[in-house]
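Coordinate inspection notes
The lines below spell out each chain.
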Amino acid sequence: MSTPRENCRFHHVQIYVKNIQPMEKYKEMETHLNSLAHRGSFDPFSGGMRFLNANALPERVREGRRCWLEIAGESAKDPAKYVSHDQDVVEQLIIGAGWRVTAEYIGKSCRSVLVCSNDPCGVKMIVTCPLDVSKSAEDPYEHFKGSSVVKFFKQHADRQGVAVLGFEVDVGTIDGIFKRYQNLHPLLLASESVNEYNDIRNVKKGSKMQVLDFGSFKCFDVYAYYKPQRGSGPKEADSGTVIRFSERSGIFAHSPGWANPQGVLPGFADVPATFDGTSIAAYNDHWVSNVVDRKSFLATLEDTVGFTPKVDFNAGVVAAGEAIIESTVTGNTSSLNSDDIQVVFEDQSQVYLPINNALSEVGHVHGFIAEMGQGVQHMAMRVKDLVSFIERVNNYRKITGQGFMFLRIPRSYYGRLAEKDLIKAGISESLAADIMRGMVNANLMTNTGVVNLDLDQEALKKLSISADAKSEFEEKFSSIAVIISRARYNNLWSLLRDNISEGTYLQIVQNQILVDIQGQDILYQIFTANILQEKPGAEAPFFEFIQRVCSASHGASTKPLKIRPGCGGFGIRNFLTLFLSIEVSKAMLGQENAVKEGNAAVAAKQGKVVDALASQLDESNPILTNISDAMTAEADELDAAAEAKNETEKKTHLAAAEKHKKEKEQGSEALKVTSDKYKAILKAIRES
């Protein structure tokens with residue numbers, strides 16, 4: 001059988017939860033938010049009213065809180081009491097991202113709502129809860145059955161989670177995909193056949209009724225993963241997570257609307273929705289799974305839809321102390337070929353599926369699988385302006401007491417001041433030591449060199465400097481001030497230099513955004529705290545929001561070069577930082593809880609864990625930079641070899657690519673050495 005090459009696109013995600021609030025509650029919340037927006041001003045870019053403009057001052061946020069108390073009344077929640085667990089994900093999306101409920105299905109065995117951004121072609125999240133599951137057979141739609149929800153909960157230790165990853169395929173291809181599953185992976189078929197739903201309507205034309213066929217919607221479900229195989233025993237499907245393929249044809253095949261047959265699932269009925277000017281459009285970027293057998297899932301996807309590995313993070317490269325994983329990003333090769341940044345931003349045809357498996361019995365990936373089973377770890381969504389998005393989420397949480405929180409990133413990730421930075425810039429060793437001591441004594445910097453974000457230049461002038469070094473300090477003050485100011489983000493500056501302003505750097509640090517580069521492309525990422533988490537400390541999925549700043553380079557003809565879907569790649573720096581940040585956030589939470597409980601010993605131990613993980617990140621940073629540079633250089637040389645005009649030129653580029661490949665491998669080995677070092681340190685802390 002030939003290798004499949006179907007055009008797959010992101011389509012929808014279906015989340016299973018215990019309860020969904022009445023539609024009246026969600027619409028009341030949306031009305032309250034729209035009322036708040038109408039106390040602001042018209043935004044010509046979004047075409048809606050908005051209460052908060054970009055870079056809103058704290059006074060405006062406090063004014064928003066006062067307005068919210070007037071609008072929401074007794075239903076208003078206290079921002080100071082916000083916790084990330086036991087939240088309604090529909091509410092979080094409505095308030096945090098400004099999305100709206102745009103469709104609803106009420107069956108006998110389950111109920112579903114569709115939550116979308118203000119662009120119906122973007123992310124589509126279906127949230128489903130069970131009703132009377134004994135009546136599942138009476139519901140006409142396979143994708144809306146309470147029995148499926150119950151099965152999911154059973155497979156995931158009664159946890160809420162992401163149940164279905166939905167893809168759309170080209171007209172005429174869905175039957176071929178079904179046959180490949182029948183022939184190669186029949187145990188994974190959750191549907192007995194391809195389901196077809198026709199949209200046939202009776203329309204009155206004059207005095208006569210006319211039957212109109214608007215089109216059809218085909219879909220079928222398969223289980224995503226196999227269960228871990230025991231020895232030579234037979235394979236079994238893991239029925240916990242589903243992949244859904246759908247195909248639309250007819251009049252509405254490519255229409256963007258909210259409900260079927262205009263873009264989502266049969267059975268949905270439209271619900272009126274009004275967006276305010278702060279609604280953030282978002283588009284699927286990648287969906288991540290935690291599994292036991294990564295290679296099995298990779299093979300299944302290649303067999304059935306032709307997905308192939310794009311990036312490998314091998315054993316030992318991604319580690320946080322004792323927690324070690326390996327990961328592969330697989331996906332299709334999109335046919336998109338455009339120099340229009342907006343077209344690439346909105347495109348859903350480039351599918352990336354990172355797949356993780358644990359290599360140790362410590363850490364998030366192992367804990368996720370041990371507690372919940374194999375499943376979807378997180379969904380990543382692209383936004384146009386990540387800083388504005390985070391600002392909106394944080395401000396609306398301060399105003400309403402609802403929405404999202406984000407993972408905490410150690411400040412040292414962004415940069416810190418070291419004595420050697422000053423000496424390298426021509427400052428004497430004695431003055432450098434004075435400055436470091438003076439910064440700490442003046443509470444302008446921590447003992448570990450993390451400089452205050454709100455650095456006061458006047459306070460710098462008043463540093464306590466010894467008499468012998470005073471004249472040098474005054475003479476070189478402007479240079480010293482630049483070095484100290486830049487220390488707040490010097491790790492980022494080493495990547496981006498003067499390509500962005502100091503204000504933007506500080507916004508990135510303030511909002512705890514992760515940054516990576518690949519060639520001339522920039523990758524910005526942030527991760528929410530757990531969603532769908534019912535109890536604190538329990539493993540649960542989360543969201544990622546991402547901004548890809550694609551290079552607008554021009555070729556020799558001065559015409560813009562085509563932009564690659566997924567520009568910016570999957571930065572190894574951010575991949576490792578995410579992994580470390582999950583572990584750091586858990587340790588910080590443990591430390592805070594121990595302090596509240598008055599358990600000084602546990603608090604101290606958790607503090608040591610935080611410090612060790614932060615140190616691992618600091619030590620890994622320069623190695624990650626070398627790996628990233630080598631990866632970029634290798635890719636550039638391979639591209640140049642493919643475009644070579646003759647065999648000699650091609651060999652030159654291939655030789656250079658091989659050199660950079662070896663540099664990348666050397667970097668990976670150095671990273672493994674660092675990982676092993678901190679694995680031992682964390683083990684010692686755990687056993688102490």
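Residues numbered from 1 in each chain as written. Predicted model: local features only at pLDDT ≥ 70, side-chain atom pairs only at ≥ 80, totals over all residues. Heavy atoms only, no water.

What follows covers the overall build of the protein. Within the protein, the regular secondary structure consists of 19 helices and 19 strands. For 688 residues, the compact-globule estimate of 2.2 N^0.38 gives 26 Å, and the protein sits close to it at 27 Å. With the principal axes as the frame, the protein shows a C-alpha extent of 100 × 70 × 60 Å. For the protein, the proportion of its 688 residues judged to be buried stands at 56%. Summarising the internal contacts of the protein: among those between residues at least 6 apart in sequence, 71% fall at separations of at least 24. Summed over all atoms, the accessible surface of the protein reaches about 30,200 Å², with 50% contributed by carbon and sulfur. Considering the protein, the positive charge centre built from 77 side chains and the negative charge centre built from 86 side chains are found 2 Å apart. (Helix = DSSP H or I, 4+ residues; strand = E, 2+ residues; numbered from the N terminus. Rg over C-alpha atoms; globule rule 2.2 N^0.38 Å. Buried < 20%, exposed > 50% of the residue type's maximum accessible area, 1.4 Å probe, protein only. Contact = heavy atoms within 4.5 Å. Areas by Shrake-Rupley, 256 points an atom, 1.4 Å probe, with all protein chains shown as cover. Lys, Arg positive; Asp, Glu negative; His and termini not counted. Charge placed at Lys NZ, Arg CZ, Asp CG, Glu CD.)

Before going further, it helps to spend a moment on the pairing of strand β8 (residues 195–205). Put simply, side chains in a regular strand alternate between the two faces of the sheet. Where β8 meets strand β9 (residues 208–226), eleven bridges bridge the pair, whose relative direction is antiparallel. Note that in β9 the partner of Tyr197 across the bridge is Phe217. With antiparallel pairing between neighbouring strands as the criterion, β8 and β9 make up a hairpin whose turn holds two residues, including Gly206 at a positive phi of roughly 70°. (Pairing = 2+ DSSP bridges.)

All right, on to the environment of Leu580 then. Following the sequence through the fold, Leu580 ends up in helix α17 (residues 572–596). Taking the C-alpha atoms as reference points, Leu580 and Ala320, 260 residues apart in sequence, are found 5.2 Å from one another. Non-local contacts of Leu580, meaning those with residues more than four positions away in its chain, are made with Ala319, Ala320, Leu613, Gln616 and Leu617.

Let us now look at helix α6 (residues 294–305). With twelve residues, α6 ought to run about 16 Å at 1.5 Å a step, and its terminal C-alpha atoms sit 17 Å apart, in line with that. For α6, the full list of buried residues reads Arg294, Ser296, Phe297, Leu298, Thr300, Leu301, Thr304 and Val305. By the N-cap criterion, in which a side-chain oxygen at the helix start approaches the backbone nitrogen of a residue two or three places on, α6 is capped by Asp293, the distance to Lys295 being 3.3 Å. Residue Gly306 follows α6 closely and has a positive phi angle near 75°. (Expected span 1.5 Å × (residues − 1). Polar contact = N/O pair within 3.5 Å; in protein donor to acceptor, adjacent residues only side chain to side chain.)

Applying the stated criterion to the full structure yields zero disulfides. This cysteine, Cys8, is not joined by any disulfide, and Cys219 carries the nearest cysteine sulfur, 14 Å off. In this structure Cys8 comes out as buried when scored by relative accessible area, which is 1%. (Disulfide = S-S within 2.5 Å.)

Okay, the side chain of Gln160 next. Structurally, the position occupied by Gln160 is in the loop between α4 (146–155) and β7 (161–169). Polar side-chain contacts of Gln160 include one of 3.4 Å to the backbone oxygen of Leu532. Residues in contact with Gln160, not counting those within four places in the same chain, are Tyr16, Val17, Lys18, Phe152, Phe153, Met372, Leu532, Glu534 and Pro541.

It is worth spelling out the packing of aromatic side chains at this point. Geometry of an aromatic ring pair is reported as the spacing of the ring centres plus the angle between the planes. A full pass over the atoms with the stated rule returns 26 aromatic pairs. When the ring of Phe152 is compared with that of Phe153, the centres are 6.1 Å apart and the planes differ by 65°; the resulting orientation is edge-to-face. Residue Phe152 is classed as buried on the basis of its relative accessible area of 3%. Centre to centre, the rings of Phe167 and Trp287 are 5.2 Å apart; their planes meet at 50°, and the pair counts as tilted. On the criterion of sequence distance, the pair formed by Phe167 in strand β7 and Trp287 in strand β12 (residues 283–290) is long-range, its members being 120 residues apart. Trp287 matches Phe167 in its accessibility class, with the two residues each being buried. An aromatic cluster is present here, built from Phe10, Phe167, Phe178, Tyr181, Phe220, Phe245, Trp287 and Phe307 joined pairwise through their rings. (Phe/Tyr/Trp six-rings, centres within 6.5 Å; stacked < 30°, edge-to-face > 60°.)

For the rest of this paragraph, the subject is the packing of helix α2 (residues 58–72) against helix α9 (residues 386–400). Taken N-terminus to C-terminus, the directions of α2 and α9 make an angle of 45°; their axes are 8 Å apart at the nearest point. With respect to each other, α2 and α9 are oriented oblique. Between α2 and α9 lies a crossing whose hand is right-handed. In this structure, α2 contributes Val61, Gly64, Arg65 and Trp68 to the contact, and α9 contributes Asn395, Lys398, Ile399 and Thr400. (Axes fitted to C-alpha atoms, helices over the stretch in contact; angles between N-to-C directions. Parallel < 35°, antiparallel > 145°, perpendicular 65-115°, else oblique. Left-handed = near helix turned anticlockwise from the far one by under 90°.)

Here the protein averages 88 in pLDDT, while 94% of its residues score no lower than 70. Confidence drops under a pLDDT of 50 for residues 258–262, and excluding neighbours within four residues, the segment shows 27 contacts in the predicted structure. (pLDDT = per-residue confidence, 0-100.)

Following both chains from N to C, one finds helix α18 (residues 600–642) and helix α19 (residues 647–687) inclined at 170°, their axes separated by 7 Å at the closest point. Here α18 is positioned roughly antiparallel relative to α19, judged by the angle of their axes. For the contact of α18 with α19, the class distribution of residues is 21 nonpolar, nine polar and eleven charged. (Nonpolar A, V, L, I, M, F, W, Y, C, P; charged D, E, K, R; others polar.)

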